[in-house]
Amino acid sequence: MVTEILDCSEASLLKAAELIKSGEVVGIPTETVYGLAANAFDETAVRKIFEAKGRPADNPLIVHISDFGMVREIASEIPNLAYKLAERFWPGPMTMIMPKSEKIPLVTSGGLDTVGIRFPSHPAARRLIELCGLPLAAPSANLSGSPSPTTARRVFDDMNGRIPAIIDGGESLVGVESTVICFEGSGVRILRPGGITREMLSEVCDVSVDRGVTNRLEDGAVARSPGMKYRHYAPKADLKLIRGSLKAYKSYVSENAADGSWCLVFDKSEAVGCLPYLCYGASPEEQAHELFEALRKLDELGAKTVFARCPDDSGIGLAVYNRILRASGFCIIDLE
Ligand code: TXA
Ligand code: MG
């Protein structure tokens, strides 16, 4: 199979919609990261997503919609708070977990009786869903375990020969995946932090952050979100996350660097001696935008060990921290 790259023209989106309606999988841009989309109601099509990614069958997919009305087909029960949150944050990088309807096959929900629903804001994603007239199941478009792709080229790197087409919608704006929330009491619990932050959600309701967001799942514990238990976002290099002042970072790295060591820092003023480095941004927003691309580049550059500065965890920083912590396999070196 040759994987074709399509632009965002109406003609290309129509072509992609035909592929999806005939049971195929297409790489699509969203404002968070690129996704691998198929008809959420079609078991055979959804199985192809799992195959293309090499994803474990018990890790559920998010179902994407292009207007709120579609929720009624997908969820069997819509909490009152969901209307409020949708009004405030949809379309956008927020996924709400609700009880699933009969129409959503268990393959899509990873065997769960709930389903994650998201209304993306990327115009090409919205238009494509409209043209399909169907909700689209779409996980991030990387091979299972790798950093999520934020450009069509990165989707191509992972998916060439595995899917018929990718729509090129430019660089993803946010750069990390959506915030995943479930409903609990009168509020919500964050299962995966993302572009809609804890602070933003707190303006609407009570918010708690699941322990799994910043902690390794204990052996035998049941993950509230199956994605929590898998190794994720992992570069081939051994990534060490270093918490502490710039001074402490520099002296730790100088003492521990060897052949193949790289630094992943906020900006170039933080370079350590003549060690090679990449920057991933000074603000949490820039860091979210750059992190996955930086992790992929470090692999291309042949980095063996990466000493990464630890991001601040406020705002979208919590999402950046969550991803880089997982990329490090929870290897955090605390110099504070
Ligand atoms: O921004 C995003 O959410 C991107 C774009 C393509 O929309 N999609 C994405 O999908 O990140 P994926 O499959 O890579 O991650 C979905 C996460 C997984 O950690 C999964 O376990 C969790 O959401 N999830 C999905 N459905 C769930 C459910 N019913 N209950 C608990 N967790 C769920
Ligand atoms: Mg993913």
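1. Some remarks on the environment of Val-71
Next, step 1: Mapping Val-71 onto the fold places it in helix α3 (residues 71–74).
Next, step 2: Taking the C-alpha atoms as reference points, Val-71 and Gly-23, 48 residues apart in sequence, are found 21 Å from one another.
Next, step 3: Val-71 has contacts with Ile-65, Ile-78, Trp-90, Met-98 and Ile-117, leaving out every residue within four places of it along the chain.

2. Topic: the site of ligand 1
Next, step 1: Ligand 1 sits among 26 residues. The nearest are Thr-32, Asn-59, His-64, Ser-178 and Gly-227.
Next, step 2: One of the side-chain nitrogen or oxygen atoms of Arg-55 is found 2.8 Å away from an oxygen atom of ligand 1.
Next, step 3: Taking Ser-178, its side chain carries an N or O atom lying 2.5 Å from an oxygen atom of ligand 1.
Next, step 4: Burial of ligand 1 by the protein chains amounts to 97% of its free accessible area of 680 Å².
Next, step 5: Elements with a minimum of two residues in the shell around ligand 1: β4 (62–64) and β6 (114–118).
Next, step 6: Counted by class, the shell around ligand 1 contains 11 nonpolar, 10 polar and five charged residues.

3. Quick word on helix α1 (residues 10–21)
Given 3.6 residues per helical turn, the α-helix brings residues three or four places apart onto the same face.
Next, step 1: The terminal C-alpha atoms of α1 lie 16 Å apart, and with 12 residues this matches the ideal 16 Å at 1.5 Å per residue to within 8%.
Next, step 2: Buried within α1 are the following residues: Ser-12, Leu-13, Ala-16, Ala-17 and Ile-20. Along the axis of α1, the buried residues cluster in a sector spanning 140°; they form a single face.
Next, step 3: Each element contacted by the buried residues of α1 is listed here: β1 (4–6), β2 (26–28), β3 (35–39), α5 (123–132), β7 (136–137) and β8 (165–167).
Next, step 4: Immediately downstream of α1, the backbone of Gly-23 shows phi near 95°, a positive value.

4. Quick word on the domain arrangement of the protein chain
A common way to express how large an interface is: the accessible area buried when the components associate.
Next, step 1: The domain architecture assigned to the protein chain consists of domain 1 (4–213) and domain 2 (238–334).
Next, step 2: A straight line from the C-alpha centre of domain 1 to that of domain 2 covers 28 Å.
Next, step 3: The interface is formed by 29 residues belonging to domain 1 together with 17 residues belonging to domain 2.
Next, step 4: Summing both sides of the interface, domain 1 and domain 2 together bury roughly 1800 Å²; the carbon and sulfur share of this comes to 50%.
Next, step 5: When the buried surface of domain 1 facing domain 2 is broken down by residue, Pro-147, Arg-154 and Val-176 rank first, second and third, together holding 31% of it.
Next, step 6: The shortest N-O distance in the salt bridge between Asp-158 and Arg-296 comes to 3.0 Å.
Next, step 7: Scanning the region where domain 1 abuts domain 2 turns up 13 residue pairs in polar contact (both at pLDDT 80 or more).
Next, step 8: Mapped by element, the contributors of at least two residues to the side of domain 1 that touches domain 2 are α6 (152–159) and α7 (198–202).
Next, step 9: When residues of the side of domain 1 that touches domain 2 are assigned to their parent elements, the largest contribution, four residues, is made by α6.
Next, step 10: The residue inventory of the side of domain 1 that touches domain 2, partitioned by class, reads nine nonpolar, 11 polar and nine charged.

5. Things to note about the nonpolar core
Next, step 1: Val-71, Leu-85, Trp-90, Met-94, Met-96, Ile-117 and Leu-128 are the most contacted members of the largest nonpolar core, which totals 65 residues.
Next, step 2: Residues in contact with Trp-90, not counting those within four places in the same chain, are Ile-65, Phe-68, Val-71, Leu-85, Met-96, Ile-117, Arg-118 and Phe-119.
Next, step 3: In terms of nonpolar packing, the next biggest core, distinct from the first, is built from 29 residues, Ala-303, Val-306, Cys-310 and Val-320 among them.

6. A word on the layout of surface pockets
Next, step 1: If you add up the space inside the largest pocket, you get close to 780 Å³.
Next, step 2: Lining of the largest pocket is provided by 46 residues; of these, Pro-60, Ile-62, Val-180, Arg-192 and Ser-225 occupy positions nearest its centre.
Next, step 3: Contributions of two or more residues to the lining of the largest pocket are made by β4, β6, β9 (179–184), β10 (187–192) and α10 (317–327).
Next, step 4: Top element by residues in the lining of the largest pocket is β6. It accounts for four residues.
Next, step 5: In terms of residue class, the lining of the largest pocket is built from 19 nonpolar, 19 polar and eight charged.

7. Structural notes on the state of the cysteines
Next, step 1: Tallied over the entire structure, the rule returns zero disulfides.
Next, step 2: For the unlinked cysteine Cys-182, the closest cysteine sulfur is that of Cys-205, found at 11 Å.
Next, step 3: Note on Cys-182: relative accessible area 12%, which makes it buried.
Next, step 4: Free of any disulfide, Cys-279 has its nearest cysteine sulfur in Cys-263, 10 Å distant.

8. Thoughts on unusual backbone geometry
Next, step 1: A cis amide bond, omega -10°, links Trp-90 with the succeeding residue Pro-91.
Next, step 2: Within the element layout of this structure, Pro-91 appears in the loop between α4 (80–89) and β5 (94–99).

9. A short note on the pattern of salt bridges
Close approach of charged atoms allows side chains of opposite charge to pair.
Next, step 1: Counted by the stated rule, this structure contains 24 salt bridges.
Next, step 2: A salt bridge links Asp-157 to Arg-154; its shortest N-O distance comes to 3.0 Å. Placement of the pair is Asp-157 and Arg-154 together in helix α6, with a separation of three residues, close to one helical turn.
Next, step 3: You can call Asp-157 partly exposed: its relative accessible area is 39%.
Next, step 4: Under the relative-accessibility criterion, Arg-154 is labelled buried at 2%.
Next, step 5: With a closest N to O distance of 2.9 Å, Asp-210 and Arg-189 form a salt bridge. In this pair, Asp-210 is assigned in the loop between β11 (207–209) and β12 (238–243) and Arg-189 in strand β10, connecting sequence segments 21 residues apart. This pair shows no difference in class: Asp-210 is buried, exactly as Arg-189 is.
Next, step 6: Bridged by salt links that share partners, the residues Arg-153, Arg-154, Asp-157, Glu-293 and Glu-300 form one connected network.

What counts and what doesn't
- Residues numbered from 1 in each chain as written.
- Chains lettered and ligands numbered in written order.
- Predicted model: local features only at pLDDT ≥ 70, side-chain atom pairs only at ≥ 80, totals over all residues.
- Heavy atoms only, no water.
- Helix = DSSP H or I, 4+ residues; strand = E, 2+ residues; numbered from the N terminus.
- Contact = heavy atoms within 4.5 Å.
- Near = heavy atom within 4 Å.
- Polar contact = N/O pair within 3.5 Å; in protein donor to acceptor, adjacent residues only side chain to side chain.
- Areas by Shrake-Rupley, 256 points an atom, 1.4 Å probe, with all protein chains shown as cover.
- Nonpolar A, V, L, I, M, F, W, Y, C, P; charged D, E, K, R; others polar.
- Expected span 1.5 Å × (residues − 1).
- Buried < 20%, exposed > 50% of the residue type's maximum accessible area, 1.4 Å probe, protein only.
- Arc of directions from axis to C-beta.
- Domains from an automatic or database assignment.
- Buried area = accessible area lost by both parts, 1.4 Å probe.
- Salt bridge = Lys/Arg side-chain N within 4 Å of Asp/Glu carboxyl O.
- Core = buried A, V, L, I, M, F, W, Y, C linked by side-chain atoms within 4.5 Å.
- 1 Å grid on protein atoms, 1.4 Å probe; cavity = no way out; pocket = protein on both sides within 12 Å on 5 of 7 lines; lining within 4 Å.
- Points joined across faces, edges and corners; volume = space filled by probe spheres on them.
- Disulfide = S-S within 2.5 Å.

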